[in-house]
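Spelled out from the first residue to the last, the chains are:
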Amino acid sequence: KAGVTQTPRYLIKTRGQQVTLSCSPISGHRSVSWYQQTPGQGLQFLFEYFSETQRNKGNFPGRFSGRQFSNSRSEMNVSTLELGDSALYLCASSAGLAPSSTDTQYFGPGTRLTVL
Amino acid sequence: DAKTTQPPSMDCAEGRAANLPCNHSTISGNEYVYWYRQIHSQGPQYIIHGLKNNETNEMASLIITEDRKSSTLILPHATLRDTAVYYCIVSGSSNTGKLIFGQGTTLQVKP
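Conventions used here
- Here the residue numbering is sequential within each chain, running from 1 through the sequence in written order.
- Here every chain gets a letter starting at A, and every ligand a number starting at 1, in the order they are written.
- Two thresholds apply to this predicted model, a pLDDT of at least 70 for residue-level local features and 80 or more for giving and counting side-chain atom pairs, whereas whole-chain, interface and lining totals are computed over all residues.
- Computation of side-chain values: all heavy atoms of the structure, hydrogens and water removed.
- Secondary structure counts use DSSP, requiring at least four H or I residues in a row for a helix and at least two E residues in a row for a strand, with both numbered from the N terminus.
- Atoms counted for the radius of gyration: C-alpha only. Globule rule: 2.2 Å times the number of residues to the power 0.38.
- In this analysis, two residues are considered to be in contact whenever any of their non-hydrogen atoms come within 4.5 Å of each other.
- The charge count includes Lys and Arg as positive and Asp and Glu as negative, but it does not include His or the ends of the chains.
- The location of each charge is read from NZ of Lys, CZ of Arg, CG of Asp or CD of Glu.
- By definition, two strands form a pair when at least two bridges between them are found by DSSP.
- Helix axes use the C-alpha atoms of the stretch in contact, all axes being lines fitted to C-alpha atoms, and the angles between their N-to-C directions lie in the range 0 to 180 degrees.
- A simple rule labels every residue: compare its accessible area, found with a 1.4 Å probe on the protein chains alone, to the largest value its type can have, and call it buried under 20%, exposed over 50%, or partly exposed in between.
- Note on ring pairs: Phe, Tyr and Trp rings are taken, using the six-membered ring of Trp, and paired if centres are within 6.5 Å. Classes follow the plane angle, with under 30 degrees stacked, over 60 edge-to-face and the rest tilted.
- By the criterion adopted, a ring carries a charge over it if an Arg CZ or a Lys NZ lies within 6 Å of its centre and within 35 degrees of its normal.
- Two parts placed together each lose some accessible area; with a 1.4 Å probe, that loss summed over both constitutes the buried area.
- Here, a salt bridge means any side-chain nitrogen of Lys or Arg that lies within 4 Å of a carboxyl oxygen of Asp or Glu.
- Ten residues, namely Ala, Val, Leu, Ile, Met, Phe, Trp, Tyr, Cys and Pro, are considered nonpolar, four, namely Asp, Glu, Lys and Arg, are considered charged, and the remaining ones, Gly among them, are considered polar.

1. Comments concerning the overall build of chain A
Phase 1: For chain A, the helix and strand inventory stands at 0 helices and 11 strands.
Phase 2: Start at the N end of chain A and walk to the C end: the helices and strands fall as β-β-β-β-β-β-β-β-β-β-β.
Phase 3: For chain A, the C-alpha radius of gyration of 13 Å lies close to 13 Å, the compact-globule estimate for 116 residues.
Phase 4: Each of the three principal axes of chain A carries a C-alpha extent, and together these read 40 × 25 × 25 Å.
Phase 5: Look at the contacts in chain A between residues 6 or more apart in sequence, and 55% of them connect residues 24 or more apart.
Phase 6: Taken together, the 11 basic and 6 acidic charged side chains of chain A have centroids lying 5 Å from each other.

This is the structure we're talking about:
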């Protein structure tokens, strides 16, 4: 099976712009989770989508949003970019079955976003 | 906050077993212990997970204490390519789709 893919791999934006990142999960997986990784805060959970619905959300401002399509592909959007949004954005997919405690997440390679 | 405690760094000689400890004293009965590793700026790689029994796969072994308050990840024959940050994560049904990462252990395998 192909793994989780993320596009683009690298992105440079300026403050105030918005950005959309894409994630294609492993075939058959219905859950997609997004994470932000920075040197200062480490890996932090943004949100999770399952069957086109946001099922769980982390503690990030409303500038961070996402969506999931019927084919389980997901996008996340960051509006009004700030310098502090520079980070590695990772998505992970899982089957989305219950109970979630046995539902292993598999990560993509990430998108490196640089905000100037 | 992460529910696990790991040493910030460890060294291991190439070819020797690497034993990475993790404390999770507040683990609930339905929570699993997961291990991931992240090689510099790549996405985290799933290694292994378990509930209460010891587990083994082609990558590693996971030893969970009987009281489930701690665990050890064992890489039986460490290679230079095992140099990475290793994360121990406790996850249960109350955290749907959400993994809470701590700072992890940076394992340096030396020749």
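2. What about the sheet that holds strand 3 (residues 19-24) of chain A?
All names here are of chain A.
Phase 1: An order of 1-3-8-7 is seen for the 4 strands of this open sheet, with the pairing classed as antiparallel. The strands lining the two open edges of the sheet, one partner per strand, are strand 1 (5-7) and strand 7 (64-68). Shown here is a sheet whose adjacent strand axes are inclined to one another by a mean of 20 degrees, direction ignored.

3. Observations regarding the pairing of strand 4 (residues 31-38) of chain A
Side-chain direction in a regular strand flips from residue to residue, so the side chains alternate between the two faces of the sheet.
Residue and element names in this part refer to chain A.
Phase 1: Taking burial as the measure, the 8 residues of strand 4 include 8 buried ones, the bulk of the element.
Phase 2: The pairing of strand 4 with strand 5 (residues 42-50) spans 8 bridges and is classified as antiparallel. Directly across from Val32, in strand 5, lies its bridge partner Tyr49.
Phase 3: In this structure, the hairpin formed by strand 4 and strand 5 is closed by a connection of 3 residues.
Phase 4: Both strand 4 and strand 9 (residues 87-94) contribute to a ladder of 7 bridges, which runs antiparallel. Looking at the pairing, Gln37 lines up with Leu88 of strand 9.

4. Things to note about the sheet that holds strand 8 (residues 84-91) of chain B
Residue and element names in this part refer to chain B.
Phase 1: As summarised here, the arrangement of the 5 strands in space is 1-9-8-3-4, forming an open sheet in which the pairing is mixed. Here the strands that pair on one side only, and so sit at the sheet edges, are strand 1 (9-13) and strand 4 (45-50). Between one strand axis and the next, the sheet turns through 25 degrees on average, direction left out of account.

5. Thoughts on the pairing of strand 7 of chain A
All names here are of chain A.
Phase 1: Both strand 7 and strand 8 (residues 74-78) contribute to a ladder of 5 bridges, which runs antiparallel. Its bridge partner being in strand 8, Phe64 is matched across the sheet by Val78.
Phase 2: Hairpin remark: strand 7 followed by strand 8, antiparallel, with 5 residues in the connecting loop; positive phi at Ser72, about 75 degrees.

6. Looking at the packing of aromatic side chains
Phase 1: What the rule picks out here adds up to 13 aromatic pairs over all chains.
Phase 2: Relative to A:Phe45, the ring of A:Tyr35 has its centre 5.6 Å away and its plane inclined at 70 degrees; by these criteria the two rings are edge-to-face. Highlighted residues: A:Tyr35 in strand 4 and A:Phe45 in strand 5, separated in sequence by 10 residues.
Phase 3: Residue classification places A:Phe45 among the buried residues on the basis of a relative accessible area of 6%.
Phase 4: One aromatic cluster is present, formed by A:Tyr35, A:Phe45, A:Tyr106, A:Phe107, B:Tyr34, B:Tyr36, B:Tyr46, B:Tyr87 and B:Phe101 through successive ring pairs.
Phase 5: Sitting over the face of the ring of A:Phe50, A:Arg55 holds its NZ or CZ atom 4.3 Å from the ring centroid.

7. Let's talk about the interface of chain B and chain A
Phase 1: With 21 residues of chain B at the interface, the matching set in chain A holds 21 residues.
Phase 2: Across the interface of chain B and chain A, roughly 1800 Å² is buried in total on both sides, 53% from carbon and sulfur atoms.
Phase 3: Between chain B and chain A we count 0 salt bridges in total.
Phase 4: Looking at the side of chain B that touches chain A, the elements that each hand over two or more residues are strand 3 (32-38), strand 4 and strand 8 of chain B.
Phase 5: A total of 4 residues in the side of chain B that touches chain A trace back to one element, the largest contributor, which is strand 3 of chain B.
Phase 6: A class-by-class count of the residues in the side of chain B that touches chain A yields 8 nonpolar, 12 polar and 1 charged.

8. Overview of the pattern of salt bridges
Phase 1: Taken as a whole and judged by the stated rule, the model has 8 salt bridges over all chains.
Phase 2: Residue A:Arg63 is joined to A:Asp85 by a salt bridge in which the shortest nitrogen-to-oxygen separation is 2.8 Å. With a gap of 22 residues between them, A:Arg63 in the loop between strand 6 (53-57) and strand 7 and A:Asp85 in the loop between strand 8 and strand 9 connect regions that are remote in the sequence.
Phase 3: Overall, A:Arg63 belongs to the buried group, its relative accessible area being 16%.
Phase 4: With a closest N to O distance of 3.1 Å, B:Lys110 and B:Asp11 form a salt bridge. With B:Lys110 in strand 9 (residues 105-110) and B:Asp11 in strand 1, the pair connects residues that are 99 residues apart, well separated along the chain.
Phase 5: Members of the salt-bridge network, linked through shared partners, are A:Arg63, A:Glu82 and A:Asp85.

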